[in-house]
Amino acid sequence: METPHRVSTLELFFDLVFVFTITQLTVLLADDLSLRGAGQVLLIFTVLFWMYGGYAHLTNQVPPDRTVRRLLLILAMGAFLVCALAVPTAFGAGGVAFGLGYVCVVLVHSALYTQAHGSGVLWFALPNTLCALSVLAAGFFDGPPAWGLWILALLIQFAVPQLVQRVAASGAASAGAQTGAGAGAASGPGSGSGAGPAVAVTTVSDQLGGMSAEHLVERHGLLLIIVFGESVIAIGIGTGSLPLSVGIAGGAFLALAVASALWWMYFVRDEGRAEEVFAQTAPEKRFKLAMLAYYYAFLPMLLGIAAFAAGVKKTIGHLGEHLHTGPALALAGGVAVYLAGDLAFRAVLGIGPARFRAAALVLALATVPVGTGTAGLWQLVALVVVLLGALGAELRWTPGCTAATGSG
């Protein structure tokens, strides 16, 4: 049986600092609701969230329970804060500052991982460092060269899991051959030594896979709830100095209702079941599953919340007016992107059903003409109806869903 491993207050503090980057991305997107702005937000957050996941896996295996570890984690928090402050100008004057902060984030992560795995960290630390250096180099350029270097960073980043798996497979095959030949010490990070068939082989993949299911699910759930909270703050900031009227209060309530429905979908319907799936998964297989569920699937969920918040910021003061295409797309697209990520999350973990949320995704996008043709207020109403309809349909027509609602 696994030893319970809860999220520490320092990890939660770390998440609060990291989520400031999402707040800054919301501001960036709200100021530039265009394909260019959306592209910048996607590149910046995809790179940042990669290293957030790295730290989540890190503290899962190397708890910050010693002074040196705590100090290094606080240093990483400071580096993430630099990145967050530079987000609005990451493709301009703040590019170098962002890059330097990100390089520091990567180096501290590698240093902390040596606490558990020694030189085994090189297989992912080196590609991560190359990714960070590409981001730093982008800060010295404008236009297409900068975009090219950011895209190169993503290509390097996505190659890391494949590299780790290949190294692991190669190491296991080599060790197996040595064992069959009666060789002495097996090679590989953290591997045991000795002769004969009793040799134990520990690959990089094994090390990264041995993670606590409880901690993994709790850590990402806490991140998601903080992001929801930051989106509410962004909505409040969007009102600015506008007088609090019935219309603005009603719009804020509707925006909160949308966020609450999205919260319900994950925390009441999915989180408990996700922990069950991870608990039933062999520890050495959890790293790959975590990558699929809590990086690739979680990425659109977090970006969807940020996009929706940006749309509300641009809408809240103009609820009775026809919306421009940008804000209407941000509102509908944010919800749709979140639902797409949630559907991917469910598919990876084998959680169903999918049909009601898939229908909600399509209907959410169909609310764009409501906002541009009538008013922002009515688009928010339509989104609330779509989401509540999907939740109600799941409750009514999904066997066992009533019991599942108690897991949140």
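Cut-offs applied
- Residues numbered from 1 in each chain as written.
- Predicted model: local features only at pLDDT ≥ 70, side-chain atom pairs only at ≥ 80, totals over all residues.
- Heavy atoms only, no water.
- Helix = DSSP H or I, 4+ residues; strand = E, 2+ residues; numbered from the N terminus.
- Buried < 20%, exposed > 50% of the residue type's maximum accessible area, 1.4 Å probe, protein only.
- Contact = heavy atoms within 4.5 Å.
- Phe/Tyr/Trp six-rings, centres within 6.5 Å; stacked < 30°, edge-to-face > 60°.
- Salt bridge = Lys/Arg side-chain N within 4 Å of Asp/Glu carboxyl O.
- Polar contact = N/O pair within 3.5 Å; in protein donor to acceptor, adjacent residues only side chain to side chain.
- Patch = residues over 30% accessible without salt bridge, like charges linked within 9 Å, V, L, I, M, F, W, Y side chains within 5 Å.
- Areas by Shrake-Rupley, 256 points an atom, 1.4 Å probe, with all protein chains shown as cover.

A. Expanded view of the environment of Leu254. Along the chain, Leu254 turns up in helix 9 (residues 246-267). What makes Leu254 buried here is its relative accessible area of 15%. Sequence-wise, Leu254 and Leu380 are 126 residues apart; in three dimensions their C-alpha atoms are separated by 6.2 Å. Non-local contacts of Leu254, meaning those with residues more than four positions away in its chain, are made with Leu377, Leu380, Val381 and Val384.

B. Spotlight on the packing of aromatic side chains. For the structure on display, the rule yields 28 aromatic pairs. Plain terms: the ring middles of Tyr295 and Tyr296 are 5.1 Å apart, the flat faces sit at 80° to each other, and that makes the pair edge-to-face. Under the relative-accessibility criterion, Tyr296 is labelled partly exposed at 35%. Within the aromatic cluster, the residues linked to one another by ring pairs are Phe14, Phe18, Phe45, Phe49, Trp50, Tyr52, Tyr55, Phe80, Phe158, Tyr295 and Tyr296.

C. Broad picture of the pattern of salt bridges. Counting across every chain of the model gives 12 salt bridges. We note a salt bridge from Arg6 to Glu218, for which the minimum N-O separation is 3.2 Å. Within this pair, whereas Arg6 is found in the segment before helix 1 (9-31), its partner Glu218 is found in helix 8 (residues 213-239), the two being separated by 212 residues in sequence. We note a salt bridge from Glu394 to Arg346, for which the minimum N-O separation is 3.9 Å. Placement of Glu394 in helix 16 (residues 376-397) and of Arg346 in helix 13 (residues 325-349) is noted, with a sequence separation of 48 residues between them. For the pair Glu394 and Arg346, a shared accessibility class is recorded, and that class is buried. Via salt bridges that share partners, Arg269, Asp270, Asp342, Arg346, Arg357 and Glu394 belong to a single interconnected network.

D. Quick peek at the side chain of Thr21. Of note, Thr21 is situated in helix 1. Only 2.5 Å separates the side chain of Thr21 from the backbone oxygen of Phe18, close enough to count as a polar contact. Filtering out sequence-adjacent residues up to four positions away, Thr21 remains in contact with Leu48, Phe80 and Ala84.

E. Representation of a nonpolar patch on the surface in the model. A surface patch of nonpolar side chains, amounting to about 270 Å² of accessible area, comprises Leu12, Phe13 and Leu16. Structurally, Phe13 is set in helix 1.

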